[in-house]
Amino acid sequence: MDPPILTYEFFSRDTNVVAKKLIGTKLVKTIRNNNRKITLSGIIVETEAYGYKSDEASHAYRGMTTRNMVMFGPVGRTYIYFTYGNHYCFNVTAKSKNQIAGAVLIRGVEPKEGIEYMKDYRNLDDIMLLTNGPGKITQAFGIDKQYNNQDLTNINNDLYIVKGFIPNLVLATKRIGIKKSIHVYKRYILASKIENKIFINQFVSKKKENNHFHICRLL
DNA sequence: CGCTCGATATTCT
DNA sequence: GAATATCGAGCGA
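Since the model is a prediction, treat every value here as computed from it, not as a measurement.

Along helix α3 (residues 115-122), the residues classified as buried are Met 118, Lys 119 and Arg 122. The buried residues of α3 occupy an angular sector of 100 degrees when projected down its axis, which confines them to one face. Every exposed residue of α3 that faces more than 90 degrees away from the buried side is listed here: Glu 116 and Asp 120. In this structure, the buried residues of α3 make contact with β2 (36-50), β5 (103-113) and α4 (134-141). Positive phi shows up at Asn 123, right after α3, with a value of about 55 degrees.

On to the protein's contact with DNA strand C. Contacts to DNA strand C come from 21 residues, most closely from His 59, Tyr 81, Asn 91, Arg 122 and Gly 135. Backbone atoms, meaning sugar plus phosphate, form 53% of the atoms of DNA strand C positioned within 4 Å of the protein. Interatomic distance of 2.8 Å between a side-chain N/O atom of His 59 and a phosphate oxygen of DNA strand C. Arg 107 places a side-chain nitrogen or oxygen 3.0 Å from a phosphate oxygen of DNA strand C. For the surface near DNA strand C, the secondary-structure elements that each account for two or more residues are β3 (78-83), β4 (87-93), β5 and α4. When the residues that make up the surface near DNA strand C are grouped by side-chain class, the tally is 9 nonpolar, 7 polar and 5 charged.

Near DNA strand B you find Arg 62, Thr 65, Thr 66, Arg 67, Phe 82, Tyr 84, Gly 85, Asn 86 and Lys 145, and these make up its full shell. Taking the atoms of DNA strand B that fall within 4 Å of the protein, sugar and phosphate contribute 62% of them. Between DNA strand B and the protein, one listed contact pairs a base nitrogen with a backbone N or O atom of Gly 85 at 3.4 Å. Here the surface near DNA strand B is built from residues that sort into 2 nonpolar, 4 polar and 3 charged.

Definitions and cut-offs
- Residues numbered from 1 in each chain as written.
- Chains lettered and ligands numbered in written order.
- Predicted model: local features only at pLDDT ≥ 70, side-chain atom pairs only at ≥ 80, totals over all residues.
- Heavy atoms only, no water.
- Buried < 20%, exposed > 50% of the residue type's maximum accessible area, 1.4 Å probe, protein only.
- Helix = DSSP H or I, 4+ residues; strand = E, 2+ residues; numbered from the N terminus.
- Arc of directions from axis to C-beta.
- Contact = heavy atoms within 4.5 Å.
- Near = heavy atom within 4 Å.
- Polar contact = N/O pair within 3.5 Å; in protein donor to acceptor, adjacent residues only side chain to side chain.
- Nonpolar A, V, L, I, M, F, W, Y, C, P; charged D, E, K, R; others polar.

This is the structure we're talking about:
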């Protein structure tokens, strides 16, 4: 029995809360190879929340455009965009009733199933570098613009997110790779505390910004 | 290691 | 025409 899929209600909460709660869940994509069903999956270990008018770094900051309109629509959908002429980024739309737009960027994943296929998509052997970054995840999972605005809450689709485990510790840090609104803590990373020492998950994208964080325990 | 820099196309001004 | 929610090669220490 597969773990339960994340529902519309899961994503129908404050974008920051959803970004936090997504840590420890599992991203799943099914593909077909020689008429066999193959599962690619990985634990989400790093996310960032992007909002609306109060968030200058968000694509939705200046209002609705053809690119960002998914952020204004129903929650639990994919928001995929192309950036730097090279990479796709994978987001999930999420917002509460009183929020106008919002999405969560998936920045880091720990590969679980279908690793050989991910290596093939990435043309790379090193597991540690397979999915530790937003552009790497979409390449490893074979996700491109075609997957924009897909419903992630339908088990019949080939892309969805299922429940995982409750993390020992989640850290909130400043978001990275942006120039505006850099002082808010809307990036969440998986960590664990063992004998009073904090360990950051190895598949979090490596950046010096990891050095400063707010400790943020789940539940 | 860590830092700098170029590639590359879509989007928005 | 400028900016970009990135990546990896290539450098130097």
